[in-house]
Number of protein chains: 2
Amino acid sequence: MKLYDTQRAPNPRRVRWLMAEKGIEDIEVVQVDLLSGQHRTPEYRGKVGAPHVPALELDDGTCISESLAICRYLEALHPEPNLFGRDAKEQAVIEMWTRRVEMYLANPMMLTVRFTHPALAALEAPKPEVAAYNRDSADRYMKVLDRRLADREFIAADRFTIADIVAVTGIDFGRLIKYRLPAEHEHLKRWLDACRARPAAKAGM
Amino acid sequence: MKLYDTQRAPNPRRVRWLMAEKGIEDIEVVQVDLLSGQHRTPEYRGKVGAPHVPALELDDGTCISESLAICRYLEALHPEPNLFGRDAKEQAVIEMWTRRVEMYLANPMMLTVRFTHPALAALEAPKPEVAAYNRDSADRYMKVLDRRLADREFIAADRFTIADIVAVTGIDFGRLIKYRLPAEHEHLKRWLDACRARPAAKAGM
């Protein structure tokens, strides 16, 4: 299998982090240069079917894009440590939290960076109202998450899961625009430090 | 089990549609009135943990929000007809397409309606740039989907799946702002008509 990857973007980092948690080392990693538009070439689009990174190419040539589809597929091949839930109910709770942190925090943070960071203005015209709308959403969800973590070690279960990966990689992406976590979010800060201290967190920071 | 549901919104319709495809009839459906803010009451938030509809309350009191987490949970309880994939690879392909149509079409259409429709201005101030950004995304993805459907009956597999449900319910929600499918998208139109003709499509139109 081959993973089409790119440094710095938050979605590929979800996959690298999951691979590091599971100790997956038998996937060839191929770097795709977004700034030079390598993901938009006919060759890449022909293979993946979309200009999306990351993508996982299976041995039969099938390409899977969408980081969370890739992560769930890798969990099926490498079930331990379990990151998506052990039974239908736990899977549902973990998926619920993963989607919440993705929709209300990670994706809004990504769009805030995209429409704020000067280097990305080359890719798409700045959209201040879109940036502000998304930043408000991310800010609001930080507060929700801080409350959630007041009496829990991790977001979705009594152990580290894919929901934590999606939340941390989303927050960390804000570093590109020097996003600072509001100081009053002490529970969020404690959880963030604990996640960042995991050996797998280093996977392609 | 109880499903907290609301008419017209697109996400609860995904769940109703899936339930109708699977013939699930043993779940009590409770209507939540969004316009009067019933989802924001301490009672509802205390139960679901968020002001989100739909939500599925399990018999042990656990509440699952996020329509796709609910749908996947119901698939685990009622595996047939299969809508999420029969093995890890098919599941990955279906999840990839489900996420694509959600992120690039259904969610953008939802935000376009939210920031365009006059009745919804009561809930949130109009944001014309956010509406335009999302409408562009939905328009662009209609084109991608039309090409995808040129030589295929359904979006993600050789049968109807959850990806089709997410795409149709997203497109149908555009009716609130009289969104018209561009006439040149003949493949998309054929697929849309076929999906709308399914008996389950009537589930809470």
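Reference entry: report on the structure contained in this document. (Residues numbered from 1 in each chain as written. Chains lettered and ligands numbered in written order. Predicted model: local features only at pLDDT ≥ 70, side-chain atom pairs only at ≥ 80, totals over all residues. Heavy atoms only, no water.)

### Observations concerning the pattern of salt bridges
Phase 1: Taken as a whole and assessed by the stated rule, the structure comprises 34 salt bridges over all chains.
Phase 2: Glu75(A) is the partner of Lys22(A) in a salt bridge, and the nearest nitrogen-oxygen pair spans 2.7 Å. Within this pair, whereas Lys22(A) is found in helix H1 (residues 10-22), its partner Glu75(A) is found in helix H3 (residues 67-77), the two being separated by 53 residues in sequence. Taken as a pair, Lys22(A) and Glu75(A) share a single burial class, namely buried.
Phase 3: In this structure, Asp139(B) engages Arg135(B) in a salt bridge whose closest nitrogen and oxygen atoms are separated by 3.9 Å. (Salt bridge = Lys/Arg side-chain N within 4 Å of Asp/Glu carboxyl O. Helix = DSSP H or I, 4+ residues; strand = E, 2+ residues; numbered from the N terminus. Buried < 20%, exposed > 50% of the residue type's maximum accessible area, 1.4 Å probe, protein only.)

### Some words on the packing of aromatic side chains
Phase 1: Going through the model one piece at a time under the given rule, you end up with 10 aromatic pairs over all chains.
Phase 2: Ring centres of Phe154(A) and Phe160(A) lie 5.9 Å apart, and the angle between their planes is 85°; this geometry places the pair in the edge-to-face category. Here the two residues Phe154(A) and Phe160(A) agree in accessibility, since each one is buried.
Phase 3: Judged by centre distance (5.9 Å) and plane angle (20°), the ring pair of Trp17(B) and Phe160(B) falls under stacked. Here Trp17(B), found in helix H1 (residues 10-22), pairs with Phe160(B), found in the loop between helix H5 (128-148) and helix H6 (162-173); they are 143 residues apart in sequence, far enough to count as distant.
Phase 4: Look at Trp17(B) and you get buried, because its relative accessible area is 0%.
Phase 5: A relative accessible area of 6% places Phe160(B) in the buried class.
Phase 6: Ring-pair connections join several aromatic residues into one group, and the members of that group are Trp17(A), Phe154(A) and Phe160(A).
Phase 7: Its end group placed over the ring of Trp97(A), Arg100(A) keeps NZ or CZ at 4.6 Å from the ring centre. (Phe/Tyr/Trp six-rings, centres within 6.5 Å; stacked < 30°, edge-to-face > 60°. Lys NZ or Arg CZ within 6 Å of the ring centre and 35° of its normal.)

### Focus on the pairing of strand S2 (residues 28-31) of chain B
One face of the sheet, then the other: side chains in a regular strand alternate in exactly this way.
Residue and element names in this part refer to chain B.
Phase 1: Bridging between strand S1 (residues 2-5) and S2 involves 4 bridges; their strand directions are parallel. Looking across to S2, one finds that Lys 2 is bridged to Glu 28.
Phase 2: The handedness of the S1 to S2 crossover, carried by H1, is right-handed. (Pairing = 2+ DSSP bridges. Right-handed = clockwise from strand over helix to strand, strands pointing away.)

### Digging into the relation of the copies chain B and chain A
Copy one and copy two of the chain differ by a rotation about a common axis and a shift along it.
Phase 1: Take chain B, turn it by 180°, move it 0.0 Å along the axis, and it overlays chain A with an RMSD of 0.0 Å. Taken together, the rotation angle and the small translation identify this as a two-fold axis. When C-alpha distances to the rotation axis are compared across chain B, the minimum falls at Val130(B), with a value of 2.6 Å.
Phase 2: Comparing interface residues between copies, 100% of those in chain B also lie at the interface in chain A; the contact surface is shared. (Least-squares fit on C-alpha atoms with pLDDT ≥ 70 in both. Contact = heavy atoms within 4.5 Å.)

### Comments concerning the nonpolar core
Phase 1: If you look at the biggest cluster of nonpolar residues, it comprises 109 residues, and the most contacted ones within it are Leu74(A), Trp191(A), Leu74(B) and Trp191(B).
Phase 2: With 11 residues, the single largest contributor to this core is helix H4 (residues 88-114) of chain A.
Phase 3: Setting aside residues up to four positions removed in sequence, Trp191(A) forms contacts with Leu149(A), Glu153(A), Phe154(A), Ile155(A), Asp164(A), Ala167(A), Val168(A) and Ile171(A). (Core = buried A, V, L, I, M, F, W, Y, C linked by side-chain atoms within 4.5 Å.)

### With respect to the sheet that holds strand S1 (residues 2-5) of chain A
Residues and elements named next belong to chain A.
Phase 1: Ordered by their spatial adjacency, 4 strands build an open sheet running S2-S1-S3-S4, and the pairing between neighbours is mixed. Edge positions in the open sheet fall to strand S2 (28-31) and strand S4 (63-65), since each of these has one partner strand only. Neighbour-to-neighbour, the strand axes of the sheet open up by a mean angle of 20°, direction not taken into account.
Phase 2: Relative to the sheet, H3 contacts strand S3 (55-57) and S4, its axis offset from that of S4 by approximately 120°. (Axes fitted to C-alpha atoms, helices over the stretch in contact; angles between N-to-C directions.)

### A few points about the interface of chain B and chain A
Phase 1: Taken residue by residue, the interface counts 38 residues in chain B and 38 residues in chain A.
Phase 2: Summed over both sides, the interface of chain B with chain A buries roughly 3,200 Å², with 57% coming from carbon and sulfur.
Phase 3: Counting the surface chain B buries against chain A, the share from its top three residues, Arg99(B), Glu129(B) and Tyr133(B), is 20%.
Phase 4: Inspection of the chain B/chain A interface yields 8 salt bridges.
Phase 5: Here Glu66(A) makes a salt bridge to Arg99(B), at a shortest N to O gap of 3.1 Å.
Phase 6: The interface formed by chain B and chain A contains 16 residue pairs in polar contact (both at pLDDT 80 or more).
Phase 7: Of all the secondary structure elements, the ones that give two or more residues to the side of chain B that touches chain A are strand S4 (63-65), helix H3 (67-77), helix H4 (88-114) and H5 of chain B.
Phase 8: Broken down by element, the side of chain B that touches chain A gets its largest block of residues, 14 residues, from H4(B).
Phase 9: Across the side of chain B that touches chain A, the residue classes tally to 20 nonpolar, 5 polar and 13 charged. (Buried area = accessible area lost by both parts, 1.4 Å probe. Polar contact = N/O pair within 3.5 Å; in protein donor to acceptor, adjacent residues only side chain to side chain. Nonpolar A, V, L, I, M, F, W, Y, C, P; charged D, E, K, R; others polar.)

### With respect to the sheet that holds S4(B)
Residue and element names in this part refer to chain B.
Phase 1: Read across the open sheet, the 4 strands follow the order S2-S1-S3-S4; overall the sheet is mixed. The open sheet has two edge strands, S2 and S4, and neither has a second partner. Strand after strand, the sheet turns through a mean of 20° between neighbouring axes, direction not considered.
Phase 2: Running at roughly 120° to S4, H3 makes contact with strand S3 (55-57) and S4 of the sheet.

### Description of the packing of H4(A) against H3(B)
When two helices pack together, their arrangement is given by the angle between their axes and by how far apart the axes lie.
Phase 1: Axis separation between H4(A) and H3(B) bottoms out at 8 Å; the angle between their running directions is 165°. Comparing the axis directions of H4(A) and H3(B) gives the class roughly antiparallel. Handedness of the crossing formed by H4(A) with H3(B): right-handed. Contacts between H4(A) and H3(B) involve Ala88(A), Lys89(A), Ala92(A), Glu95(A), Met96(A) and Arg99(A) from the former and Leu68(B), Ala69(B), Arg72(B), Tyr73(B) and Ala76(B) from the latter.
Phase 2: Tallied by class, residues from the contact of H4(A) with H3(B) come to 7 nonpolar, no polar and 4 charged. (Parallel < 35°, antiparallel > 145°, perpendicular 65-115°, else oblique. Left-handed = near helix turned anticlockwise from the far one by under 90°.)

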